[in-house]
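Observations on the model geometry
Here are the chains, one letter per residue:
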Amino acid sequence: MSSLIKNELIKIFRKKTIYIAMIAIFLFLIFMNCMFKYANSSSNSAYLYSENHLNSIKEELENLNPENPTDVTLYINLKSEVELYELMNKYKDDEWKLSIINSRISSYLTERNTYLYGAEKSETQANEITKKIEYITAKLDEDNWKYFASQDLETANKKIEELNSQKQQTQDKEILKNLENEIKNTKIEKEIAEYRLNKNIPYGTDYKNITLSNLQSASTKLIQYNSQETELSYEEQKEYNDSLKTEAECRYILDTGINVNKSDSLKGILQNFYSEFGIFLIVVIVMIAGTIVSDEFNKGTIKLLLVKPYTRNKILLSKFIATVIIIFFVILSTVIMEMLVGGVLFGFDSLSVPVIEYNFNTNMLEEINVFAYLGIQTLAQLPMIVLLATLAFVISTLFSNSALAITISLLGYMSTAIINQLALAYNLSFMKYFVTMNWDLSQFLFGNLPYMQGMSLILSIVICLVYLLVMLIPTFIIFKKRNIKNI
Amino acid sequence: METILKCENLYKTFGKKTILKDVSLEVNEGDILGFIGPNGAGKTTTIKLILGLQSITKGNVSINGYDIEKNFTNAIKRVGAIVENPDMYMYLTGFQNLKLVANLYKDVSEDRINEVVKLVKLENRIKDKVSKYSLGMRQRLGIAQAILHKPNLLILDEPTNGLDPEGIKEMRELLVDLASIEKMGILISSHNLAELDNFCNKVCIIKNGKIIETSEISKIKQEASKEVKIFEVNNVNLAEEIIGKIEKIDTNKFKIKVPKQEVPEIVEKLVKNNIKIYEVKQEEKTLEDAFFEKTGGNIIE
């Protein structure tokens, strides 16, 4: 038996096909890694328009007459846009200033233009706004972003005090509850401002700012779900868990200053290995699984094999085992290739950054080494990969048709996402016994809620095994009884 | 002499079509059995049944005492075979192909591979890819893989296909050696009757899925040519006038179908009429002639 498996592996590794496929994967890896590297590097000055675009706006502005009531709204909008851009252009060297202009001044600009050109003209109001704008720009000139952050903090504190005093004045339960929620939301705003000051995070669009805004929205959502009186539905429970996870992750990032979600790093790519490169693995694996038997039939060498002193069951089983070994080979060599390509492009430093997962069983964050995480993911993806390989193997054995075997298996892989989405969208609970819902075990990791209520890890493994046996047993029986016709 | 292969009353049907009807044959130690029949007679099907490549509808096959269907691995253990074409892994070298086969048997050493390669005279090309081989070279490699594990039954389906006359001669010598020295039983199917003529000791003729003759080769030829005598004389036309119905071969030779006892009578008649007789001999029939006599041409049902 072991010599049969050895022979199968020799046959596979002496063929050029597998090497051509691996080289193709290697080239794709280089291509995709380059995309990751250069996609993120051009994010600076996201606020700024191109010169051409601005000129075309200015031209349009000249053609409009603010006196004309049909033009006036557009005129105000475009005018404010031009002013905003000019202001930004002035401060384009500091990203935090752009962020401040965008969040605080842009609404003032529109307001001022409304007083200047709109239906209710008011010179005094406009002047007042101009003063406000000038005050802010003066602060911008001082180069002190902390002023704005502490202003945020102050505003939040004041609001909390105010809400607290309001709370004491009322007895109405409904109002009390609303106030309570508002206080909680304001406390988050306060916390964000504190983070900004304590961790020295200037305004901008970098990952820390994104983390801050993610933290805010996740926390807000949690407050909303917590105050909900009815029991959470399964869908809501999943969203609640997501928010819980995001909140914990954001706090981790802000507290440690480690960007665990950095996608343009070797660790980031390895962490999402299966979602990014899964298709390559599947194509190569299915290609080998879909030819391992049919090739022997098509070339006539099956007769050579079947007159050796081994039962047909052993011969077919050895081919199946060889296919499973190839699965591990393809995964391992793709990981190694990614290590090479990613390491050269991004450096190996990121490998020391842990992967963060929120464990819903212990309600704690777990730090996992990226390789351990990759191992866990591999185990979780294995049912899907093995089942797809088996599908190709079975079709190629039954019909001696490699093209059919490969095509159907790839279709199976690619339609998984759509099938699962439809099943969830229409809440088809019988689908929880369907293979595509069960063959990705990563849904069960870290106490996550699975796709549908009533699914469990054990049940999924059993379902996958049932599918495996339903495919394999008839194939072995048919192969055993098969008449080897003329070739 | 021990019986190695024994087929008893084999039947094979595909759907309603009966391919083989009551096929029985035997191969003993040291036998070279020529398995002859026109296209579509069921030669390859019989071989596939013997090798367990197709299921047997009725009857049984035993090799070295083991039933092929009930005890496949033991039955096939000491069998070497080429079925239809010498299909090898084209992307491997000849040596790698043999190594694959060697891996599947116990005690086939590298030395044995080299020995067999020398035996089939492939030593110069054994490191080349099989895709670069001619059909004749593939045929040699096919024989090499079949005898690698020292089987005692060799089954060869059209092994002379694609071999040049030199190659055919070499293979014939090789097979005769294997049969006489290694005491192998060999079953060889072929269209090339002239080839079988010289080295098979038994022949089995199949037509429309039925065995129509099984016997020693010498017997068949004797039987077919028993009655025919060839005369070499100086005047064929005169001889015709005197004896009556003869078959003229050329100006000096004619054939006549008479029992042995009547030969002196004819000679006397010819001598009396002053015809000179140079030679009188019994016609030697080739296997091919005998074959056509038995099968009556080539009709596929």
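Here the structure is a predicted model, which is why all the values come from computation and not from measurement. (Residues numbered from 1 in each chain as written. Chains lettered and ligands numbered in written order. Predicted model: local features only at pLDDT ≥ 70, side-chain atom pairs only at ≥ 80, totals over all residues.)

**Observations regarding the overall build of chain B**
- Along chain B, the regular secondary structure elements total eleven helices and 14 strands.
- In chain B, which comprises 301 residues, the share counted as buried stands at 39%.
- When contacts within chain B are restricted to residue pairs at least 6 apart in sequence, long-range pairs at least 24 apart make up 70% of them. (Helix = DSSP H or I, 4+ residues; strand = E, 2+ residues; numbered from the N terminus. Buried ≥ 20, exposed ≤ 12 C-beta atoms within 10 Å, placed from the backbone. Contact = placed C-beta atoms within 7 Å.)

**Describing the packing of helix H9 (residues 207-227) of chain A against helix H10 (residues 234-256) of chain A**
All names here are of chain A.
- Between H9 and H10, the shortest axis-to-axis distance is 8 Å and the interhelical angle comes to 140°. Our pair here, H9 against H10, has a crossing hand that is left-handed. Of the residues in H10, those touching H9 at Thr211, Asn214, Leu215, Ala218, Ser219, Lys221, Leu222 and Tyr225 are Glu236, Tyr240, Ser243, Leu244, Thr246, Glu247, Cys250, Arg251, Ile253 and Leu254.
- Its residues placed into classes, the contact of H9 with H10 shows nine nonpolar, five polar and four charged. (Axes fitted to C-alpha atoms, helices over the stretch in contact; angles between N-to-C directions. Left-handed = near helix turned anticlockwise from the far one by under 90°. Nonpolar A, V, L, I, M, F, W, Y, C, P; charged D, E, K, R; others polar.)

**A few points about the domain arrangement of chain A**
All names here are of chain A.
- If you check the domain split of chain A, you get domain 1 (2-40 + 263-481), domain 2 (44-143) and domain 3 (149-260).
- The gap between the C-alpha centroids of domain 2 and domain 3 is 31 Å.
- With five residues of domain 2 at the interface, the matching set in domain 3 holds four residues.
- Along the lines of polarity and charge, the residues of the side of domain 2 that touches domain 3 split into three nonpolar, one polar and one charged. (Domains from an automatic or database assignment.)

**Things to note about the interface of chain A and chain B**
- Counting residues at the interface gives 24 residues for chain A and 24 residues for chain B.
- Contributions of two or more residues to the side of chain A that touches chain B are made by helix H1 (2-14) and helix H14 (302-306) of chain A.
- Looking at the side of chain A that touches chain B element by element, the count peaks at seven residues for H1(A).
- The residue inventory of the side of chain A that touches chain B, partitioned by class, reads nine nonpolar, seven polar and eight charged.

**Examining the nonpolar core**
- Membership of the largest hydrophobic core comes to 152 residues, with the highest contact counts inside it found for Ile285(A) and Ile186(B).
- Broken down by element, the residue count for this core peaks at 13 residues, all from helix H16 (residues 370-399) of chain A.
- Once residues lying within four places of it in the same chain are set aside, the contact partners of Ile186(B) are Asp31(B), Ile32(B), Leu33(B), Leu154(B), Leu156(B), Leu175(B), Leu178(B) and Ala179(B).
- Grouped together as the second largest cluster of nonpolar side chains are five residues, Phe231(B), Ala239(B), Phe254(B) and Leu270(B) included. (Core = buried A, V, L, I, M, F, W, Y, C linked by C-beta atoms within 7 Å.)

**Things to note about the sheet that holds strand E14 (residues 277-282) of chain B**
Residues and elements named next belong to chain B.
- Taken in spatial order, the four strands make up an open sheet running E12-E13-E11-E14, and their pairing is antiparallel. One side of each edge strand has no neighbouring strand; the edge strands of this open sheet are strand E12 (247-248) and E14.
- Where strand E11 (residues 228-233) lies against strand E13 (residues 253-257), five bridges are found, and the strand directions are antiparallel. Its bridge partner being in E13, Ile230 is matched across the sheet by Lys255.
- Across the sheet, helix H9 (residues 236-243) lies against E11, E12 and E13, angled at about 25° from E13, the strand it touches most.
- The sheet contacts of helix H10 (residues 263-272) involve E11 and E14, and relative to E14 the element is tilted by about 165°. (Pairing = 2+ DSSP bridges.)

**Section: the domain arrangement of chain B**
- Assigned domains of chain B: these are domain 1 (3-222) and domain 2 (226-284).
- Here the C-alpha centroids of domain 1 of chain B and domain 2 of chain B sit 45 Å apart.

**Describing the sheet that holds strand E5 (residues 66-67) of chain B**
All names here are of chain B.
- Overall, antiparallel pairing links the four strands, which are arranged E2-E1-E4-E5 in an open sheet. Either end of the sheet is taken by a strand with one partner, and the two such strands are strand E2 (17-28) and E5.
- The sheet contacts of helix H1 (residues 43-50) involve strand E1 (3-14), E2 and strand E4 (58-63), and relative to E1 the element is tilted by about 115°.

**Considering the pairing of strand E1 (residues 355-359) of chain A**
Residue and element names in this part refer to chain A.
- Of all the five residues making up E1, four are buried; the element is thus mostly covered by neighbouring parts of the structure.
- Taken together, the five bridges between E1 and strand E2 (residues 364-368) define a ladder with antiparallel strand orientation. Its bridge partner being in E2, Glu357 is matched across the sheet by Glu366.

**Looking at unusual backbone geometry**
- Of note in the backbone geometry, Phe446(A) takes a positive phi value of approximately 55° without being a glycine.
- Tracing the backbone through its elements, the reader meets Phe446(A) in the loop between helix H18 (435-438) and helix H19 (457-481).
- Look at Asp22(B): it is not a glycine, yet its phi comes out positive at around 55°.
- Positionally, Asp22(B) belongs in strand E2.

**Things to note about H1(B)**
All names here are of chain B.
- With eight of its eight residues buried, H1 lies for the most part within the structure.
- Restricting attention to buried positions, one finds in H1 the residues Lys43, Thr44, Thr45, Thr46, Ile47, Lys48, Leu49 and Ile50.
- Count one or two residues on from H1 and you reach Gly52, which has phi positive near 75°.

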